Amino acid sequence: MYRWHPCTLLQATQEQKDAVSLVFRTVRSKTMGLGQSGCVGISGSVRGGSLAKIFNSLRVSNHFVVVFGCGNGDTLLSAQAMGARGAIGYELPDNASNRIIFEAVAKELPNSSASEWIAQDIMNLDMPLQFRERMTCVYSFWVGMPPHVQDRILDLCSTRLPNVGSIALFLDRKWPDPQTGVMMLQSTDCIMEFDDGNCI
């Protein structure tokens, strides 16, 4: 059963913050700050310091992370920088130019070879079994994401990712009671965490 656990995000160490900051600086240097422009669908991001806290709270170190809506891949590379064994991200095929950014940034960073950017619509996603069984942490930036896509992500977590132990869904402080959004997940044993309506 998915259970909501109100929690305070774990503070990231200075080393973790520096690792994520390096990813964000490298993205900015490759994109001149325009890394999400011209995207189909929703374009948004979370700041590096917040992402470091979220990933520390998800305990991504030594685990495999899947990111739904990975944009230019900064979240994938940040997870890897914080010790994830691997990170796989899905993004709309129409945003394939973001893959070029991801690959350019990955070449500049140490330990980024286990990150993979995949152009596939979440609504039609069919993950290979070897991906599904490895994934233990999920992250998705939901600001502005349509409800049917949010539902699809929750469905994937409950039916297609058997080993997921933590999920972070970033929305905003205006999010209504998040408990209503996970009724479909009652058959699983995953624990979800959130902080002030931002993160579960």
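Reading the values: the criteria
- Residues numbered from 1 in each chain as written.
- Predicted model: local features only at pLDDT ≥ 70, side-chain atom pairs only at ≥ 80, totals over all residues.
- Heavy atoms only, no water.
- Helix = DSSP H or I, 4+ residues; strand = E, 2+ residues; numbered from the N terminus.
- Expected span 1.5 Å × (residues − 1).
- Buried < 20%, exposed > 50% of the residue type's maximum accessible area, 1.4 Å probe, protein only.
- Arc of directions from axis to C-beta.
- Contact = heavy atoms within 4.5 Å.
- Salt bridge = Lys/Arg side-chain N within 4 Å of Asp/Glu carboxyl O.
- Pairing = 2+ DSSP bridges.
- Right-handed = clockwise from strand over helix to strand, strands pointing away.
- Core = buried A, V, L, I, M, F, W, Y, C linked by side-chain atoms within 4.5 Å.

A. Structural context of helix 1 (residues 14-31). Across its 18 residues, helix 1 extends 25 Å between first and last C-alpha, which sits within 8% of the 26 Å expected from 1.5 Å per residue. Inspection of helix 1 places Gln16, Val20, Val23, Phe24, Thr26, Val27 and Thr31 among the buried residues, and these make up the whole buried set. Buried residues of helix 1 fall within an arc of 155° about the axis and therefore sit on the same side. Across helix 1 from its buried face, at more than 90 degrees, point the exposed residues Gln14, Glu15 and Ser29. The inward-facing, buried residues of helix 1 contact helix 2 (48-58), helix 3 (74-81) and helix 4 (97-108). Backbone geometry just downstream of helix 1 places methionine 32 in the positive-phi region, at approximately 55°.

B. Examining the pattern of salt bridges more closely. By the definition in use, this model includes four salt bridges. Among the salt bridges present, the one from glutamate 108 reaches lysine 30, with a minimum N-O distance of 3.3 Å. Here glutamate 108, found in helix 4, pairs with lysine 30, found in helix 1; they are 78 residues apart in sequence, far enough to count as distant. Between arginine 99 and glutamate 103 there is a salt bridge, and its shortest N-O distance comes to 3.1 Å. Placement of the pair is arginine 99 and glutamate 103 together in helix 4, with a separation of four residues, close to one helical turn.

C. The pairing of strand 2 (residues 64-68), seen in detail. Taken across its five residues, strand 2 has five buried, putting it largely inside the fold. What you see with strand 2 is no split at all: Phe64, Val66 and Phe68 on one side and Val65 and Val67 on the other are buried throughout. Alignment of strand 2 against strand 3 (residues 86-91), held across five bridges, turns out to be parallel. Along strand 3, the bridge assignment pairs valine 65 with alanine 87. Following the backbone out of strand 2, through helix 3 and into the adjacent parallel strand 3, one traces a crossover that is right-handed. As judged from the five bridges shared by strand 2 and strand 5 (residues 135-141), these two strands associate in the parallel manner. Residue pairing for strand 5: valine 66 is matched across the bridge by valine 138.

D. Main features of the nonpolar core. By size, the foremost hydrophobic cluster in this structure holds 32 residues, and its most contacted members are Ile54, Phe55, Val60, Val65 and Tyr139. Of all the secondary structure elements, the ones that give two or more residues to this core are helix 1, helix 2, strand 2, helix 3, helix 4, strand 5 and strand 6 (166-170). Examining the composition of this core, we find that five residues originate from one element, helix 2, more than from any other. Apart from the residues lying within four places of it in its own chain, the contact partners of valine 65 are Val60, Ala79, Ala84, Gly86, Ala87, Ile88, Met135 and Cys137. Counting 23 residues, the second largest nonpolar core, distinct from the first, contains Val66, Met127, Met135 and Val149.

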